[in-house]
Amino acid sequence: MGRQDPSFLVVGHLNKPHGTKGELFAWPLTDRPESVYVPGTVFLSSSAEEAQPDPDLPPLRLTSVRPFKRGYLVSFGGVHDREGAERLQGRYL
């Protein structure tokens, strides 16, 4: 029986909004965050209860990233305020 690679890998958790301009604190869940958290990268997201990305949510394109404490502050295209960031809070990438 051959090993099958998973269709999706969880690479981070969006913990909480940071500030008022749509940034979120992302907790990296990968051994190589510097190669994953790069502007232009597109993520699918899911809740903790979902085994697959949520098909009703659009992909998230990373527009900015900067190190912060033990994770990153990230921004996504189309998320420009705290309210937009709050809708993504708690989701997995």
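Residues numbered from 1 in each chain as written. Predicted model: local features only at pLDDT ≥ 70, side-chain atom pairs only at ≥ 80, totals over all residues. Heavy atoms only, no water.

Once that is clear, we can look at the pairing of strand 4 (residues 60-68). Direction of pairing for strand 3 (residues 42-43) relative to strand 4: antiparallel, over a ladder of two bridges. When the bridges of strand 4 are listed, Val42 appears paired with Arg61. The loop that links strand 4 with its antiparallel partner strand 5 (residues 71-76) comprises two residues; one of these, Lys69, has a positive phi angle of about 50°. (Pairing = 2+ DSSP bridges. Helix = DSSP H or I, 4+ residues; strand = E, 2+ residues; numbered from the N terminus.)

Within soluble globular proteins, side chains that are nonpolar tend to cluster in buried spots. Residues Leu14, Tyr37, Val74, Phe76 and Leu93 are the most contacted members of the largest nonpolar core, which totals 16 residues. Among the secondary structure elements, those contributing two or more residues to this core are strand 2 (23-28), strand 4, strand 5 and helix 2 (82-88). Broken down by element, this core gets its largest block of residues, three residues, from strand 5. Val74 has contacts with Leu14, Gly22, Glu23, Leu24, Ala26, Tyr37, Leu62, Ser64 and Val65, leaving out every residue within four places of it along the chain. (Core = buried A, V, L, I, M, F, W, Y, C linked by side-chain atoms within 4.5 Å. Buried < 20%, exposed > 50% of the residue type's maximum accessible area, 1.4 Å probe, protein only. Contact = heavy atoms within 4.5 Å.)

A separate point is the packing of aromatic side chains. Going through the model one piece at a time under the given rule, you end up with five aromatic pairs. Summarising the aromatic geometry, the rings of Phe25 and Trp27 are spaced 6.3 Å apart at their centres and angled 50° between planes, so their arrangement reads as tilted. Judged by relative accessible area, Phe25 falls into the buried class, the value being 10%. Taking 6.4 Å as the distance between ring centres and 85° as the angle between the ring planes, the aromatic pair formed by Phe43 and Phe76 counts as edge-to-face. Remark: Phe76 occurs in strand 5 and Phe43 occurs in strand 3; sequence separation between them is 33 residues. Take Phe76: its relative accessible area is 1%, and that puts it in the buried class. (Phe/Tyr/Trp six-rings, centres within 6.5 Å; stacked < 30°, edge-to-face > 60°.)

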